[in-house]
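Observations on the model geometry
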Amino acid sequence: MEGPMKFATGHMESIHDICYDFYGRRLATCSADRSIKVWDLNESGEWVESGGMSGNISNGHIGVVLKVDWAHPEFGTLLASCSEDHTVIVWKEEMCDGGDSRTWVRKADLVDARLGVSDLKFAPHHLGLKLAAGSKDGFVRIYEAADSMKPDHWSLVHEFEGGQRGLEVRCICWNPSRFDTPMIVVGCAKDNEHGDVVHTKSVLVWTYNEPYRKWLPLPILGDCPAGDVWSTCWAPNMGRSHHYIACCSRDVGQHLRLWEIPAGDDMFNPDDDGREVQPVFLVDEAGQTKDSSSQVRRVEWNLSGSTLATSGDDGEVSLWQCDYFSKKWVRVEHHSVSG
């Protein structure tokens, strides 16, 4: 793995999220300065700004932009963003009238959230053009475009409370497998009003029940974090008999958790006793978890679901893999952003 590539973004305040497109040749960044920028990788291997959306009432969000996500390219060049201003905006890149340049057009505003929207994810493309958004009001909302090729009109098709009452939704991730019923894993955090709530289910799997036409919780994840959950990610499944779900949280000395849950129908009955699946805690080569003074803030899987990438306050990016012989997850690489 090569060292980190650095480039100036021009954002005036801290960057809250970055997201690659499907091909890994484009990058979107969003910031506390209320702007979104899009970058293209040129032939020289440099990231060049190709477009953006400014933060004002006519052109974009009027609050801090928290997350961005690309849609699958079969739906065109679509980008969605969410903000503290309670809104989700869907953007589409279109050719200008002259045909010699491109611009981002604001196609739809989704305004059902009652508080800031913390995270959003487009659904796996086999489910159609759908978008899930998790809000600080504790709800997950799922939208569907009326026409997958014209993302101007969206309908709120499902809404459910993502965690226990008194918890805000912090992060969400779809199950990418086309062989399972639609599923979403939701990570939660305490809200300001209910700061004394004790977490018992801060990470929950939700599954869509077709006969009832509603989303229902699947109580399969055990030993969930007691602290706020920063990020969660469901691994792609390339033929395994199980799924991996990773999360990182505020928990002192236990920042990284990973659950291995059965795939297919076995997921609805984890073992003979019907007990919850317990997680493993990821530790470094010395057998130590992350230092309590630094926290892992993001977890992401590679395309095959075999390598987990983590990043945190210490400025390090780490790669984790499961050792074939010991069946333990070990850190195989780590790189410091500071060089």
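These notes cover the structure that comes with them. (Residues numbered from 1 in each chain as written. Predicted model: local features only at pLDDT ≥ 70, side-chain atom pairs only at ≥ 80, totals over all residues. Heavy atoms only, no water.)

1. A look at the overall build of the protein
Each helix and strand counted, the protein has 0 helices and 24 strands in total. The burial tally for the protein puts 50% of its 339 residues in the buried class. Pairs at least 24 residues apart make up 47% of the contacts formed inside the protein by residues separated by at least 6 positions. Here the protein displays about 16,500 Å² of accessible surface, and carbon together with sulfur accounts for 50% of that area. (Helix = DSSP H or I, 4+ residues; strand = E, 2+ residues; numbered from the N terminus. Buried < 20%, exposed > 50% of the residue type's maximum accessible area, 1.4 Å probe, protein only. Contact = heavy atoms within 4.5 Å. Areas by Shrake-Rupley, 256 points an atom, 1.4 Å probe, with all protein chains shown as cover.)

2. Let's talk about the environment of His-335
For His-335, the position within the fold is in strand S24 (residues 329-336). His-335 sits 17 residues away from Ser-318 along the chain, and the two C-alpha atoms are 6.4 Å apart.

3. Some thoughts on unusual backbone geometry
In the Ramachandran plot, Arg-213 falls in the positive-phi region, its phi being about 55° despite a non-glycine side chain. Residue position: Arg-213 is located in the loop between strand S15 (203-209) and strand S16 (214-218). Looking at Arg-213, the relative accessible area reads 58%, which means it is exposed. Phi is positive for Asp-223, close to 50°, though the residue is something other than glycine. Relative to the elements of secondary structure, Asp-223 occurs in the loop between S16 and strand S17 (229-234).

4. Some details on the state of the cysteines
One pass over the structure, following the stated rule, counts 0 disulfides. Here Cys-188 stays free of any disulfide, with the sulfur of Cys-171 as its closest cysteine sulfur at 7.8 Å. Look at Cys-188 and you get buried, because its relative accessible area is 0%. The structure places no disulfide on Cys-233, whose sulfur is separated from the nearest cysteine sulfur, that of Cys-173, by 4.3 Å. (Disulfide = S-S within 2.5 Å.)

5. Remarks on the sheet that holds S16
Pairing within the open sheet is antiparallel, and its 4 strands lie in the order S13-S14-S15-S16. Each edge of the open sheet carries a strand with a single partner, namely strand S13 (167-174) and S16. Put simply, the sheet's adjacent strands are angled 35° from each other on average, direction ignored. Two strands pair when backbone bridges link them, and S15 and S16 are joined in this way by 5 bridges, in the antiparallel orientation. Following the sheet pairing, Tyr-208 is matched in S16 by Trp-215. (Pairing = 2+ DSSP bridges. Axes fitted to C-alpha atoms, helices over the stretch in contact; angles between N-to-C directions.)

6. Looking at the pairing of strand S18 (residues 242-249)
Most of S18 sits out of view: 8 of its 8 residues are buried. Taken together, the 5 bridges between S17 and S18 define a ladder with antiparallel strand orientation. Across the sheet, the residue bridging to Ser-231 is Cys-248, located in S18. Note: S18 against strand S19 (residues 256-262), 7 bridges, orientation antiparallel.

7. Some points on the packing of aromatic side chains
One pass over the structure, following the stated rule, counts 13 aromatic pairs. Plain terms: the ring middles of Phe-160 and Trp-215 are 5.7 Å apart, the flat faces sit at 25° to each other, and that makes the pair stacked. With Phe-160 in strand S12 (residues 154-161) and Trp-215 in strand S16, this residue pair connects regions lying 55 residues apart in the sequence. Residue classification places Phe-160 among the buried residues on the basis of a relative accessible area of 6%. The exposure class of Trp-215 is buried, given its relative accessible area of 8%. An aromatic cluster of at least three residues, connected via ring pairs, comprises Phe-160, Trp-174, Trp-206, Tyr-208 and Trp-215. (Phe/Tyr/Trp six-rings, centres within 6.5 Å; stacked < 30°, edge-to-face > 60°.)

8. As for the nonpolar core
Counting 33 residues, the largest nonpolar core has Val-205, Leu-221, Trp-234, Trp-259, Ile-261 and Trp-301 as the members making the most contacts within it. Taken together, the elements giving at least two residues each to this core come down to S13, strand S14 (183-190), S15, S17, S18, S19 and strand S21 (296-301). No other element matches the 5 residues that S18 contributes to this core. Counting 19 residues, the second largest nonpolar core, distinct from the first, contains Ala-108, Val-117, Leu-131 and Ala-145. (Core = buried A, V, L, I, M, F, W, Y, C linked by side-chain atoms within 4.5 Å.)

9. Topic: the sheet that holds strand S20 (residues 280-281)
In spatial order, the strands read S17-S18-S19-S20; together these 4 strands make up an open sheet with antiparallel pairing. The open sheet has two free edges, formed respectively by S17 and S20, since each of these has just one partner strand. The pairing of S19 with S20 spans 2 bridges and is antiparallel. The residue of S20 that forms the bridge with Leu-258 is Val-280.

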